[in-house]
Amino acid sequence: MVKVTINAKENGPLIVELDGERLCALCRCGKSEKSPNCDGTHAKSGFKAEASEIKVCD
Ligand code: FES
């Protein structure tokens, strides 16, 4: 069975990992021009959010 983890980075994107390998970084600030992927704009936009981790399955 695969292990899927989603890490919400402090003031940044959702990092999706599959069996410990980074799959993608999803935007959660709503400012990315490459939505749904993070393009780094969050750092310039002043986006603030707490960090957290979710284990979807393992
Ligand atoms: S979280 Fe990085 S651009 Fe939105």
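Residues numbered from 1 in each chain as written. Predicted model: local features only at pLDDT ≥ 70, side-chain atom pairs only at ≥ 80, totals over all residues. Heavy atoms only, no water.

Q: What is the right way to look at the overall build of the protein chain in this model?
A: A tally of helices and strands in the protein chain yields one helix and four strands. Ordered by position from N to C terminus, the α and β elements of the protein chain give β-β-β-α-β. Reported as C-alpha extents along the three principal axes, the dimensions of the protein chain are approximately 40 × 20 × 15 Å. With 58 residues in all, the protein chain has 24% of them scored as buried. Taking all contacts inside the protein chain whose residues are at least 6 apart in sequence as the whole, residues at least 24 apart take part in 37%. Split by element, the accessible area of the protein chain, about 4,200 Å² in all, is 49% carbon and sulfur. (Helix = DSSP H or I, 4+ residues; strand = E, 2+ residues; numbered from the N terminus. Buried < 20%, exposed > 50% of the residue type's maximum accessible area, 1.4 Å probe, protein only. Contact = heavy atoms within 4.5 Å. Areas by Shrake-Rupley, 256 points an atom, 1.4 Å probe, with all protein chains shown as cover.)

Q: I tried to follow the sheet that holds strand S1 (residues 4-8) on my own but got confused; where do I start?
A: Pairing in this open sheet of four strands is antiparallel, and the strands run S3-S2-S1-S4 from one edge to the other. Here the strands that pair on one side only, and so sit at the sheet edges, are strand S3 (21-26) and strand S4 (52-57). Taken over all neighbouring pairs, the strand axes of this sheet differ in orientation by 20° on average, direction set aside. In the sheet, S1 pairs with S4 via five bridges, with the strands oriented antiparallel. Across the sheet, the residue bridging to Ala8 is Ser52, located in S4. (Pairing = 2+ DSSP bridges. Axes fitted to C-alpha atoms, helices over the stretch in contact; angles between N-to-C directions.)

Q: Explanation requested: the environment of Lys31 in the structure shown.
A: In this fold, Lys31 is placed in the loop between S3 and helix H1 (42-45). Filtering out sequence-adjacent residues up to four positions away, Lys31 remains in contact with Thr41 and Ser45.

Q: It is not clear to me how the side chain of His42 should be interpreted in this structure. Could you clarify?
A: In this structure, His42 sits in helix H1. Overall, His42 belongs to the buried group, its relative accessible area being 17%.

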